[in-house]
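Summary of the model geometry
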Amino acid sequence: MRKLVVIIIVLGIILGGMVAYQYVVKQENIISIQEIEKIENYLNQIYTWQEITEEALPEFQEINQANEKWIWEVVKKNLEDYELSYEQIQEKAKELFGEKFTKELAKEGTKYFVYDEENNRYYAEEIELDQKEDSYILNKIDKIENGYEVEIVEYLEDYSQTTIEGESYIIVRNTKGEEIGKIGTKNEEEAKEIVKNNIDKLSKKKITLKEENGKLYIEKVQK
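In this report, the structure presented in the accompanying data block is examined. (Residues numbered from 1 in each chain as written. Predicted model: local features only at pLDDT ≥ 70, side-chain atom pairs only at ≥ 80, totals over all residues. Heavy atoms only, no water.)

Our focus in this paragraph is the sheet that holds strand β4 (residues 121-124). Read from one edge of the open sheet, four strands run β1-β4-β3-β2, paired in antiparallel fashion. A single partner strand is all that each edge strand has here, and the edge strands are β1 (83-84) and β2 (109-110). One ladder, built from two bridges, connects β1 with β4; its direction is antiparallel. Among the inter-strand pairings, Glu-83 is bridged to a residue of β4, identified as Tyr-123. (Pairing = 2+ DSSP bridges. Helix = DSSP H or I, 4+ residues; strand = E, 2+ residues; numbered from the N terminus.)

Another point: the packing of aromatic side chains. Following the criterion strictly, the structure yields nine aromatic pairs and no others. Between Tyr-115 and Tyr-122, the aromatic rings sit 4.7 Å apart at their centres with planes inclined by 35°, giving tilted as the arrangement. On the basis of relative accessible area, Tyr-122 is assigned to the buried category, the value being 2%. Note that Lys-77 overlies the ring of Trp-49, its terminal NZ or CZ placed 5.6 Å from the centroid. A cation over an aromatic ring shows up here: Lys-107 above the ring of Tyr-86, its NZ or CZ 4.8 Å from the ring centre. (Phe/Tyr/Trp six-rings, centres within 6.5 Å; stacked < 30°, edge-to-face > 60°. Buried < 20%, exposed > 50% of the residue type's maximum accessible area, 1.4 Å probe, protein only. Lys NZ or Arg CZ within 6 Å of the ring centre and 35° of its normal.)

This is the structure in structure tokens:
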């Protein structure tokens, strides 16, 4: 009888431990509104344009392997001064990508970040963008050690001069250019609802973000 009581007690302790562990795990993965806003703010800083770099957010396994055109465009997107030295550009890149960013950008610049050899300065040129706005929604966020795993769903909002009976509208497309749905220009938030209802027709990416000293930095992007 005593053995039975001991077994019941031990099983109770184990079960209690399992329940407590599951509770802790669930608690640890609760994402606050402030955290979501912080993630969105950072992703908005580094999300660029498909027509410039082929992908608004290209895949890479490590930040120093990232598409260099994309790095230049992220830097340029976050500038207040459009005339800089090479050192200032590298410093801005490190500010956006963290201390792990050690890549040295090509000194000749890019089509949209022109190098003036005479003055040894770089000048940001205006980008000729199409009428398809690169967009995304947050689909899933998981907490990991010192950061987050974030899944986004990518889509395009096509603002071409298209009308139905005199009323203009926006076409929601996937990144291949295929039409997913239409919305009126006065109801842009409906685009997100169309995306949520057609996730299987859209591409997803998983982003690893690490937090250092209260700031987020991108570490990896994969499908």
